[in-house]
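Secondary and tertiary structure notes
Now for the letters of each chain:
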Amino acid sequence: MSLGDSSMNTSIFLIIVLISGALAGLVWGSANLFLVEPYLDEAIGIENQNLFDSGEADDTLEFWIEYEGYRSWQKSGQILAGIILGTSIGSLFGIVFALSRNSLPGNDNIKKALILAGLMWFTIYFIPFLKYPANPPTVGEADTVVLRSILYLSFIAISGFGALIFYKISKRLNGKKKIISLIGYIVFISVLFFGMPENPDFVSAPMDLVNGFRIMSALTVSTYWIALGLILGILWNYFKPNKEVSSFT
Amino acid sequence: MSQSRQINRSKRGVPIIAIVALALIFAGGLFLVAFDQGHIFSIAYGEQAFEDLFIHELTHDMRHAAGFPCH
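From a predicted model like this one, the values you see are computed outputs, not experimental measurements.

1. A closer look at the overall build of chain B
Counting its regular elements, chain B contains five helices and two strands. Ordered by position in the sequence, the α and β elements of chain B form the string β-β-α-α-α-α-α. Put simply, of all contacts in chain B between residues at least 6 apart along the chain, 33% involve residues at least 24 apart. As presented, chain B carries roughly 3,800 Å² of accessible surface, and 61% of it is formed by carbon and sulfur atoms.

Shown next, in the form of C-alpha cells:
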C-alpha cells in the first residue's frame, strides 16, 4: 500500500533517508564540539562558581576529578546524540521530501532537497528559535522545564502544520492568487509569535555568553539542515528510489 | 511489421510502511534526545532512573545546542 499511484523501492528509500540523517547529525555533533562546547564549558564554570559561593560544593581536587569525568561523559554524548537527533529529524525530512518532491521547484533532487531543507529550517527551527532561543546551562529553572518544553514543541508543531496548511491552500490557487496563502502564513505566524507566552525564566547569565552561545547554536543547526538537504539530494540522485521503470510493448 | 514502444513509468508512490517506520524513528529519537528525564530507563530500573538521568546526561550538550529546554 502506498500514497500515490505505485510504490517506490522501500528499502532503498529508508536506507538513504536514515544514512543522510545520521551523516548530517554527525556533522552537527562534530560542529558543536568545536563551536558550542566552549560556551557550554564557560556556562558550567559559572554554575560551579555558584556552587562554591553558596557552599553547596567545595573547590577541591576531588570535585574537579569528578567534574572532568562528568564533562567528558557529556561531551562524548554530543556526537552520539547528534547522530540520533540527526536521524530523527532526517526521518521527518525524508517523509516530507518523498511526499512533496514532485511539487518542489527545480529539476534536480539536490536543488529540491535544499529548497525543502530551507523551508523546514525556517518554519520548524528559525521562527521557533526567534521566539524561544537556545539557552546555555545556568539559564532556566528546573521547575519550569516541562512548561518550556511544551511551549517550544507546541510552537514548532503549530508553525510546521501552519506552513503545511497554507501550502495546501496555495496549491488550490492559481497564478498571482498564490500570494494570498503566503500573506496568510505571515499573518498566522505573526499572531502565533506575539500570542504565545514568553519564556518564563529570567536570564541571569552574562549576555555576551548567552548571545555567543545562541549564535553558535544557530550556526550548527543551520549547518545540519544544509548537510541534510545536500546529502539526501545526492543519495536520491545516485540511488533513485523512485527510478523510472522501463517496459516495452 | 511489429513496433516496439518504450514506456517510462516513474514509481512515485511512498510506501505507507516506510512512512510509519520513519515517523516512529522521528518520535523516538526526538523524545530520547530532547525530552527524556529518566523515563526510558525507568522501564528497567524504576524510580532510580529518574535520579541517575543517564540519557539526559548523555544528551545534555546536544539538548542545549539544539535549543531544547534542558533544566
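2. What to know about the overall build of chain A
Each helix and strand in chain A was counted, giving seven helices and two strands. Going from N to C terminus, chain A has its helices and strands arranged as β-α-α-α-α-α-α-α-β. Along the longest, intermediate and shortest principal axes, the C-alpha atoms of chain A span 85 × 40 × 30 Å. If you take every contact in chain A between residues at least 6 apart in sequence, the share linking residues at least 24 apart comes to 80%. Element-wise, carbon and sulfur atoms account for 68% of the exposed surface of chain A, whose accessible area totals about 13,000 Å². When the 16 positive and 19 negative side-chain charges of chain A are each reduced to one mean point, those points stand 29 Å apart.

3. Let's talk about the environment of Arg-148 of chain A
Residues and elements named next belong to chain A. You can see Arg-148 is positioned in helix H5 (residues 145–172). Judged by its relative accessible area of 8%, Arg-148 is buried. Along the primary structure Arg-148 and Pro-200 are separated by 52 residues, whereas in three dimensions their C-alpha atoms are 7.8 Å apart.

4. Observations concerning the packing of aromatic side chains
Residues and elements named next belong to chain A. With the rule as written, the count across this model stands at 27 aromatic pairs over all chains. Ring geometry for Tyr-224 against Trp-225: centres 5.8 Å apart, planes inclined by 70°, an arrangement best described as edge-to-face. For Tyr-224, a relative accessible area of 0% corresponds to the buried category. Every member of this aromatic cluster is reached through a ring pair, and the members are Phe-13, Trp-28, Phe-93, Phe-97, Tyr-224, Trp-225 and Trp-236. Positioned above the aromatic ring of Phe-193, the side-chain terminus of Lys-131 is 5.4 Å from the ring centre.

5. A few points about helix H4 (residues 109–131) of chain A
Between its terminal C-alpha atoms H4 of chain A stretches 32 Å, which fits the 33 Å expected from 23 residues at 1.5 Å a residue. Its side-chain oxygen at 2.9 Å from the backbone nitrogen of Ile-110 of chain A, Asp-108 of chain A defines the N-terminal cap of H4 of chain A.

6. Some points on empty space enclosed by the protein
In this structure the tally under the stated criterion is one cavity of 30 Å³ or more. Put simply, the largest cavity is a space of about 150 Å³. In terms of lining residues, the largest cavity is bounded by 16 residues, among which Pro-133, Asn-135, Arg-148 and Asn-199 of chain A together with Pro-69 of chain B are the most central. If you tally residues by element for the lining of the largest cavity, the top one is H5 of chain A, at three residues. For the lining of the largest cavity, a count of residues per class yields ten nonpolar, five polar and one charged.

7. Some details on the nonpolar core
Core analysis: the biggest nonpolar cluster contains 58 residues, and Phe-13, Trp-28, Leu-85, Phe-93, Trp-225 and Trp-236 of chain A together with Phe-68 of chain B have the highest contact counts within it. Among the elements of the structure, helix H1 (10–35), helix H3 (61–100), H4, H5, helix H6 (178–195) and helix H7 (207–239) of chain A together with helix H1 (16–35) and helix H5 (60–65) of chain B are those that each provide at least two residues to this core. Among the elements that line this core, the one with the most residues is H7 of chain A, at eleven residues. By size, the runner-up hydrophobic cluster in this structure holds five residues, among which are Ile-44, Phe-52, Ala-57 and Phe-63 of chain A.

What counts and how
Chains are numbered independently. Their residues run from 1 in the order of the written sequence. Following the order in which they are written, the chains are lettered starting with A and the ligands numbered starting with 1. For this predicted model, a pLDDT threshold of at least 70 governs which residues receive local features, and a threshold of 80 or more governs which side-chain atom pairs are given and counted, while totals over whole chains, interfaces and linings are taken from all residues. Excluding hydrogens and water, the side-chain figures rest on all heavy atoms present in the structure. Strands here are runs of E lasting at least two residues and helices are runs of H or I lasting at least four, both read from the DSSP assignment and numbered beginning at the N terminus. Whether two residues touch is decided by their heavy atoms; if any such pair falls within 4.5 Å, the residues are in contact. Per-residue accessibility takes into account occlusion by the displayed protein chains alone, with areas from the Shrake-Rupley method and a 1.4 Å probe. Positive charges are assigned to Lys and Arg, negative charges to Asp and Glu, while His and the chain termini are left out of the count. Here the site of a charge means atom NZ of a Lys, CZ of an Arg, CG of an Asp or CD of a Glu. Partly exposed describes any residue whose relative accessible area lies between the buried limit of under 20% and the exposed limit of over 50%, with all areas from a 1.4 Å probe on protein chains only and scaled to the type maximum. Stacked, tilted and edge-to-face pairs are distinguished by plane angle, under 30 degrees for stacked and over 60 for edge-to-face with tilted covering the rest, among Phe, Tyr and Trp rings (Trp via its six-membered ring) whose centres lie within 6.5 Å. By definition, being over a ring means that NZ of Lys or CZ of Arg is both within 6 Å of the ring centre and within 35 degrees of the ring normal. Take the number of residues in a helix, subtract one, and multiply by 1.5 Å to get its expected span. Under the rule applied, a polar contact is a pair of N or O atoms within 3.5 Å (in protein, one hydrogen donor and one hydrogen acceptor; residues adjacent in sequence only if both atoms are side-chain atoms). Note on definitions: the grid is 1 Å and covers protein atoms alone; a cavity is a set of points where a 1.4 Å probe fits but cannot get out; a pocket is an open set with protein on both sides within 12 Å along at least five of seven lines; lining residues have an atom within 4 Å of a point. Grid points are joined across faces, edges and corners, and a volume is the space filled by probe spheres set on the points. Asp, Glu, Lys and Arg are counted as charged, while Ala, Val, Leu, Ile, Met, Phe, Trp, Tyr, Cys and Pro are counted as nonpolar; the rest, among them Gly, fall into the polar class. Residues grouped as a nonpolar core are buried Ala, Val, Leu, Ile, Met, Phe, Trp, Tyr and Cys residues, joined through side-chain atoms within 4.5 Å.

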